[in-house]
Amino acid sequence: MQQDIHQKRIGRTRARSGRRIRGTTVAMLSVGAVFLATGAATAVTINGGFGRTPVGQSDSRGVLLPSNQWVKPLGDRALVTNGRLLSSTLSPYGRRLAALTWNTFTGFVTVFDAASGKVLQQVGTGVGADKVIGDGSVAADGPYYSQDGKSLWVSQTSDLLRFAVKADGTLAANPVKIPLINAAGPELPSGMVESADHKSLYVALNGANTLGVVDIAKNTLIKQIPVGIAPRQVALVNGQLFVSNEGGRPARAGDFTNLSDNTPVVADPVTGAATSGTVSVVDPTTGKLTASITVGLQPTALKAAGSTLFVANSNSDSVSIIDTKARRVTQTFNVAPLPGSTVGSNPNAIEMTDGNHLLVSIGRDNALAVYRYNGPTSPVQYQGLIPTDWYPVNVQADRTTGKIIVTNDKGIGARGPQSSISAGPDANVVTGHNTYDDTGSLTMFKPPTEADLADLTHQVFVNNDWQKLLQRSPLARTNAAPVAIPAKLGDPSTIKHVFLIVRENRTYDQVLGDIGKGNSDPSLTQFGGSVTPNAHLLANRYGVFDNFYDEGTLSADGHNWLMQADANDYIEKEFGAFWRSYPAQGGDALAYQRDGFLWNAAQRAGNTVAAFGEYANFQTLPTTGAPTWADWYQASRVKEGKVAGPSPIADGQYPTYSDIPSLNAILDPAYPKFNTDIPDQYRVDIWQQNFAKAEKAGRLANLNLLWLPDDHTAGTSGVDPYPTAQVADNDLALGRIVDTISHSKDWKDSAIFVVEDDSQDGADHVDGHRAPMFVISPYAKNNIVDSTYYSQLNVVRTIEQILGIAPMNQEDRAAEPITFAFTNTPNLATYSAQPNQIPLTYGLKTATPAASAAARSQAAVAAVPASAESIAAQWQVWSTHQNFGGPRATEDAANPALLNRLDWYTTTGWVKPYPGDTTILSPYQVPGWDRPAVELGG
């Protein structure tokens, strides 16, 4: 019997305001009851409880994150300042905790003292770690201690590492490497369990869709047993093996499927998202699959208690309880703590503390949900919430100390040691905060009493700014007069057409640090007014937003925050290597939340949508002989009438498309996706044709999604222009789009939002997540500096408020619209694009820059002295092998350790070593040179 305990709980508890347990009123009821018991919420200022506070602020409220959240966890906090903590495990006797750690596309193992949280050792490729071990990655799950505590197995992309554990709990050098790779690619080992006789190690092989059997004595993979799709964790219960399959059952004839890691996954025919989740049962004696149990979507964590197995369904916001003897689900309960939200809490770990209490880590809500457990068939009872740090991924009861230890992936945010960033020729080298400056954490506490849970639950609601939602009315239209930003979702807006323009990877200071107003630092500016004249004029005219943040670290999660108002648990756990995919542009059925995307939500609200490149993963290009940047640029100049034809490329000759059916239906295939071999000028030319047709027909879409990606830049290969030229190209493209819209008949009721997908490639003096954002509209206030805390979620929420779109999850639901930036008195003044000041062909081998002083200066900076010519030639060869452009163009495809050094050398004239190095290095001398930034998963 399956039951949705959460919904029944809400219905019961709205009828009464409290429940007595041992004489104490506790947070076992609805959220409203929690606040009645604990008093009034914190005073709300502009944008909920965030006001004008900058990210990283630490005070009595906690630490402010770039995700519209505070963190103020229960208990003590221990920090690791050089990485994220993706997963962890306690040693059998509770003395040590080993965690898989990640920083800037490299993985390593951190060993903690479990009692104090002190870091005892780091082994691997990370900053401060001992040395390169194995393939330099870490997996989504693990590590795993042997039952006697003498061995530790670590999962990587293509192998298992078996470390000997020394008497003091640290790891011995020279681990045994167990290869796990075949002709099809790496097997992607994940969760593990040891057999009862200690002879076999069972490991979920996520990429092979099998359960691997490792002979412990021989350190050899001896067998693979087919299970479901993308197995994640394995548990041994009652002599049977249970495997959680994140991608569900294998597809059958007649199923609609989408791909994940080149494997067909049963999927939704509209959203392309996976629609199956299963747990496989394997008999270890026969090595055969004996049953498949249907559970929720994307089952990940498993927790065994006696003959009962708990399963975290990460994309369903639920936990299933399996009777392992009967091999059936006895109940499923919802773990989303906010009434009315249906997806996005991301349960990813389960612990049982005393036989009667369950703790469920709900990653996106930065909390543990507490439940009373009365047996597999009795309804689980919700008791409250415990606040954690940013994105908990594991919760474990330490039997030695009696404490609960929570592993928090992103801890307190990007607060680690600051990074040096270079952006190529003619750009300053700067040092500041960067999105990769991760600071993971452990939080440790004694289990709270039931009486404590009311206050702790209240704290979680304050941290997430949820308290105001208890009084907010649902979507419903009234008779209110149209205004720019309606006060009530569903009321009419004077704005009918919204344009969301997504760019790539820049921080606020990197572009606008020289703006001369607001909280700006000119010393960190790398693409200032001479490179981005349109960005500067637009900011000066319409507004400077100097307290705006991107939630994501890089493109793989950044685009998802914009298109889904979230990055699901699958994406968060892929950071160890992005071993299955790099879902910045989609292309992976497991990266999609179950309820769809922003365009689906817009269409459900009765809006029309048009898409241009954004979230489209594919382009039909030949594997050899694809057009070069010069070809696309020539085609652009022909289209603009600047040179005589014929064009080397016909419109739509190399179409863009998606794996998501509903996106393909609104996508302009002639508009190219991410590919730095294609100038943004060409993209604007294609968009202008579409815009002119739509305007003439009176069918301009309500929501328009555009991707202008070339401020990503593409190194110094000479195949593409140098970084300053590509940023200038991107800036001119932005200016032309605003120019076109502002001179159209639809300008009078349009609004344009311009954001970066993330801010990973720059430094900022406030926080690495701070990014430039622009609000452009006749209804936008002019010449303002708005220091209100905003994030990408607030942009999504503003679009939803304008177009009457129901929020997609609790994240955008809690976010406030950006109201202060708008007025109800329109100013119909038009905008004229500013010409580029940097030659768009600067750095291109086949072009000669204009003979201006700026060009001569740039050429001097790029000159290579004779003493460095050999090394520079090696770097040029390296650049040509990166997947910035062409048929396999992928964001963030270059190893940052290498790309940053190349930009440094070209900026400093090839005469100064990179900070921390003693000499100028060739690409193959850089530590970790053979680790690509993006693992394409076979």
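First, a word on what this report is: a plain description of the structure on this page.

What counts and how
- Residues numbered from 1 in each chain as written.
- Predicted model: local features only at pLDDT ≥ 70, side-chain atom pairs only at ≥ 80, totals over all residues.
- Heavy atoms only, no water.
- Helix = DSSP H or I, 4+ residues; strand = E, 2+ residues; numbered from the N terminus.
- Buried < 20%, exposed > 50% of the residue type's maximum accessible area, 1.4 Å probe, protein only.
- Polar contact = N/O pair within 3.5 Å; in protein donor to acceptor, adjacent residues only side chain to side chain.
- Axes fitted to C-alpha atoms, helices over the stretch in contact; angles between N-to-C directions.
- Parallel < 35°, antiparallel > 145°, perpendicular 65-115°, else oblique.
- Left-handed = near helix turned anticlockwise from the far one by under 90°.
- Contact = heavy atoms within 4.5 Å.
- Nonpolar A, V, L, I, M, F, W, Y, C, P; charged D, E, K, R; others polar.
- Salt bridge = Lys/Arg side-chain N within 4 Å of Asp/Glu carboxyl O.

Points about the environment of Thr-157
Consideration 1: Following the sequence through the fold, Thr-157 ends up in the loop between strand S12 (151–155) and strand S13 (159–164).
Consideration 2: For Thr-157, a relative accessible area of 4% translates into the label buried.
Consideration 3: Sequence-wise, Thr-157 and Gly-134 are 23 residues apart; in three dimensions their C-alpha atoms are separated by 9.3 Å.
Consideration 4: At 2.7 Å, the side chain of Thr-157 forms a polar contact with the side chain of Ser-137.

What about the packing of helix H9 (residues 629–639) against helix H11 (residues 680–697)?
Geometrically, a packed helix pair is captured by the angle between its two axes and the distance between the axes.
Consideration 1: Two elements in contact, H9 and H11, have axes whose closest approach is 8 Å; the angle formed by their N-to-C orientations is 40 degrees. Comparing their axes, H11 and H9 come out oblique. For H9 against H11, the interelement crossing comes out left-handed. Taken together, the residues of H11 that come into contact with H9 (itself represented by Trp-632, Ala-635, Ser-636 and Lys-639) are Gln-681, Tyr-682, Asp-685, Ile-686 and Gln-689.
Consideration 2: Class assignment for the residues of the contact of H9 with H11 results in four nonpolar, three polar and two charged.

Some details on the pattern of salt bridges
Consideration 1: Applying the stated rule across the entire model yields 28 salt bridges.
Consideration 2: A salt bridge links Asp-76 to Lys-403; the nearest nitrogen and oxygen atoms lie 4.0 Å apart. Here Asp-76, found in strand S6 (residues 76–80), pairs with Lys-403, found in strand S36 (residues 403–411); they are 327 residues apart in sequence, far enough to count as distant.
Consideration 3: The salt bridge involving Arg-594 is made with Asp-595; its shortest N-O contact spans 3.7 Å.
Consideration 4: What makes Arg-594 partly exposed here is its relative accessible area of 26%.
Consideration 5: Note on Asp-595: relative accessible area 29%, which makes it partly exposed.
Consideration 6: Beyond isolated ion pairs, a larger network of salt bridges with shared partners links Arg-84, Arg-364, Asp-409, Lys-410, Asp-566 and Glu-572.

Some words on the side chain of Asn-258
Consideration 1: Tracing the chain through its elements places Asn-258 in strand S23 (residues 257–260).
Consideration 2: Separated by 2.8 Å, the side chains of Asn-258 and Asp-659 make a polar contact.
Consideration 3: If we ignore the near neighbours within four places in the chain, the residues touching Asn-258 are Thr-263, Pro-264, Val-265, Ala-267, Gly-272, Ala-589, Tyr-592 and Asp-659.

Brief notes about the environment of Ile-485
Consideration 1: On the secondary structure map, Ile-485 appears in the loop between helix H3 (453–463) and strand S40 (497–503).
Consideration 2: Sequence-wise, Ile-485 and Glu-800 are 315 residues apart; in three dimensions their C-alpha atoms are separated by 9.8 Å.
Consideration 3: Leave out the neighbours within four places in its chain, and Ile-485 touches Thr-798, Gln-801, Ile-802, Pro-817, Ile-818, Thr-819 and Phe-822.

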